[in-house]
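So you can see what is in the structure, the chains are spelled out below.
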Amino acid sequence: MKQVVAALIWDKGKILICQRTRHQTMPLKWEFPGGKIEDGEQPRDALRRELDEELSINAVIGNEVARLRHKYPSGNAVELRFYDVREYSGEMENRIFRDLRWALPRELPSYDFLEADLNLVKDLAEGKL
């Protein structure tokens, strides 16, 4: 099972969402920034590295707010860990995504998110997190 970390980056009540490019797997889907945990890497260190690679920021990784497992129809399975990020340094730069947006939690269900993120999106939209 692939181990993945993702950030819920907050600013003024909005959360950062990212759209995959046409050339990535599951093209044009929306997601939260982050990525795969490498062998021997701690989850928070992996997320810090991914946010630097994807967005050029040095993030302060907060509490783990959700952990879920998802199995895709292809048979691939993923365990996702979501962390709060309320502080970071550096100028945010989109290095890999088609688009970045700041959205209110209640707006999240209107975006076409990755299937694995849908329960979290619902909880955020309903104010459960």
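Look a little higher up for the structure.
Definitions and limits used
- Residues numbered from 1 in each chain as written.
- Predicted model: local features only at pLDDT ≥ 70, side-chain atom pairs only at ≥ 80, totals over all residues.
- Heavy atoms only, no water.
- 1 Å grid on protein atoms, 1.4 Å probe; cavity = no way out; pocket = protein on both sides within 12 Å on 5 of 7 lines; lining within 4 Å.
- Points joined across faces, edges and corners; volume = space filled by probe spheres on them.
- Helix = DSSP H or I, 4+ residues; strand = E, 2+ residues; numbered from the N terminus.
- Nonpolar A, V, L, I, M, F, W, Y, C, P; charged D, E, K, R; others polar.
- Core = buried A, V, L, I, M, F, W, Y, C linked by side-chain atoms within 4.5 Å.
- Buried < 20%, exposed > 50% of the residue type's maximum accessible area, 1.4 Å probe, protein only.
- Contact = heavy atoms within 4.5 Å.
- Phe/Tyr/Trp six-rings, centres within 6.5 Å; stacked < 30°, edge-to-face > 60°.

Enquirer: Give me the layout of surface pockets: which residues, what numbers.
Expert: Quantified by volume, the largest pocket comes out at close to 500 Å³. Considering the residues around the largest pocket, the lining is formed by 27 residues, among which K2, V4, R20, M26 and L114 are closest to the centre. Looking at the lining of the largest pocket, the elements with two or more residues in it are β1 (2–11), β4 (34–36), α1 (43–55) and β6 (77–89). In the lining of the largest pocket, the residues fall into 14 nonpolar, 6 polar and 7 charged.

Enquirer: Could you give me a rundown of the nonpolar core, with the residues and numbers involved?
Expert: Counting 23 residues, the largest nonpolar core has I17, F32, F82 and L108 as the members making the most contacts within it. Contributing elements (two or more residues each) for this core: β1, β2 (14–19), β5 (58–71), β6 and α2 (118–125). The dominant element in this core, judged by the number of residues it contributes, is β1, at 4 residues. Those residues in contact with F82 that lie beyond four places of it in its chain are A6, L8, F32, N63, E64, V65, A66, L68, D117 and L120.

Enquirer: Provide a residue-level description of the packing of aromatic side chains, including the pertinent values.
Expert: By the definition in use, this model includes 3 aromatic pairs. Summarising the aromatic geometry, the rings of W30 and Y111 are spaced 5.0 Å apart at their centres and angled 65 degrees between planes, so their arrangement reads as edge-to-face. On the criterion of sequence distance, the pair formed by W30 in strand β3 (residues 30–31) and Y111 in the loop between β7 (99–103) and α2 is long-range, its members being 81 residues apart. With relative accessibility at 5%, the residue W30 sits in the buried group. Both rings, one in F32 and one in F82, keep their centres 6.1 Å apart while their planes meet at 90 degrees; by these two values the pair is edge-to-face. Here F32, found in the loop between β3 and β4, pairs with F82, found in strand β6; they are 50 residues apart in sequence, far enough to count as distant.

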